[in-house]
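Analysis of the macromolecular model
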Amino acid sequence: YAVLPEDQDESFSEEIAQFLGEFHGCFSEEIQPAILTYNVEESARHLFNVASGLNAIALGENQILGQVREAYGVALGAGTTGKVTSKLFESALSAGKRVRTETKIGQNPLSISSLAVDLAQNALQGLEQKEALIVGSGEMSELAARLLKKRGIGKITLINRTLGKAQELAKSLGGGALPWEALNEVLADVDVVISSTAAPHPVLYEHVVRDVMRSRKKSLFLVDIAMPRDIEPTVQDIDNVHLYNLNDLQDLVNRNLADREREVPKARAIVDSDVGC
């Protein structure tokens, strides 16, 4: 966001593109098409929509408000804000906060990993003193592991075909890592398994889970967020085993998105009100 000097016309955007190009080491021609020129009201509405999560790919994404606040803080620290941008960003942060507190647009997660953790938390009636096994170390597995940690899981164990990757992630989470060969053995103790590998075939079969359940005295919750599936679907036929797959979670994503979309008119009314202040 930049304020156009009063004595400049819209060609000033070319100077901005040139500066950004030199700063980032790319051609200004690549940046020029991405520069938008708005009047004061349009600029305010754009930033307010951004801060409120209305422009996000994941409608109502809560993290964006924090990112706007962080960006404004960096600009303040660098001394690059003026009266207009300061007022603009402070008002945008206020509008974003109102949208979060006065509507439900940010409620109910839209990410598969968040929903997987929600399912685990609800199924286990809380995560404290519970044990989780994360199978795989890709982006979705890492996000699920970090969310479990944030929600207070008692213990996290990670298993990956490349042990080093599992150990690296486990270290950052204060968890443990085991070699792939320990997968069947560790099932005997954990409460929930979240699996997301890139394997072209199941990594957890019905006969393995059936053998494990013979010695277990508690239910086992399995969340398969891989495509193709990591866990053989017939596992759900075993007593005291509860299996959720990507289709189950996608249905929840769709319902949650519909719930958020119903809150959009309320959010836009708040933005319109604050833009007019």
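Above this text you will find the structure in question.
One structure accompanies this document, and this report is about it.

Pairing is parallel across the open sheet formed by six strands, whose spatial order is S3-S2-S1-S4-S5-S6. Sheet topology places strand S3 (176-178) and strand S6 (241-244) at the edges, where each strand pairs with a single neighbour. For this sheet the average axis-to-axis angle between neighbouring strands, irrespective of direction, equals 20 degrees. Pairing geometry for strand S5 (residues 220-224) and S6, over four bridges, is parallel. Bridge pairing in S6 links Leu222 to Leu243. Strands strand S4 (192-195), S5 and S6 of the sheet are contacted by helix H6 (residues 112-123), whose axis makes an angle of about 170 degrees with S4. Along the sheet face, helix H8 (residues 163-173) touches strand S2 (155-159) and S3 and points at about 170 degrees away from the line of S3.

By the secondary structure assignment, Glu263 is in the loop between helix H11 (246-262) and helix H12 (264-275). The class for Glu263 is buried, based on a relative accessible area of 9%.

The next thing to look at is the packing of aromatic side chains. Under the definition given, this model contains three aromatic pairs. Here Tyr1 and Phe89 contribute two aromatic rings whose centre-to-centre distance is 5.5 Å and whose plane-to-plane angle is 90 degrees, an arrangement assigned as edge-to-face. Of this pair, Tyr1 sits in the segment before helix H1 (12-24) while Phe89 sits in helix H5 (residues 83-102), and the two are 88 residues apart along the sequence. Under the relative-accessibility criterion, Phe89 is labelled buried at 11%. Ring centres of Tyr72 and Phe89 lie 5.6 Å apart, and the angle between their planes is 15 degrees; on these two criteria the pair is classed as stacked. One end of the pair, Tyr72, is in helix H4 (residues 63-78); the other, Phe89, is in helix H5, with 17 residues separating them in the sequence.

It is worth spelling out the pairing of S2 at this point. Moving residue by residue along a regular strand, the side chains alternate between the two faces of the sheet. In terms of burial, S2 is largely enclosed, as four of its five residues are buried. On the question of chirality, the crossover connecting strand S1 (residues 131-135) to the parallel S2 by way of helix H7 (residues 139-150) is right-handed.

Time to look at unusual backbone geometry. In this model, Met227 is joined to Pro228 through a cis peptide bond whose omega is 0 degrees. Position of Pro228 relative to the elements: it lies in the loop between S5 and S6. In this structure, Gln125 is a non-glycine residue whose phi angle is positive, near 55 degrees. Along the chain, Gln125 turns up in the loop between H6 and S1. Residue Gln125 is classed as exposed on the basis of its relative accessible area, which comes to 76%. Phi is positive for Gln129, close to 65 degrees, though the residue is something other than glycine.

The rules behind the values
Residues numbered from 1 in each chain as written. Predicted model: local features only at pLDDT ≥ 70, side-chain atom pairs only at ≥ 80, totals over all residues. Heavy atoms only, no water. Pairing = 2+ DSSP bridges. Helix = DSSP H or I, 4+ residues; strand = E, 2+ residues; numbered from the N terminus. Axes fitted to C-alpha atoms, helices over the stretch in contact; angles between N-to-C directions. Contact = heavy atoms within 4.5 Å. Buried < 20%, exposed > 50% of the residue type's maximum accessible area, 1.4 Å probe, protein only. Phe/Tyr/Trp six-rings, centres within 6.5 Å; stacked < 30°, edge-to-face > 60°. Right-handed = clockwise from strand over helix to strand, strands pointing away.

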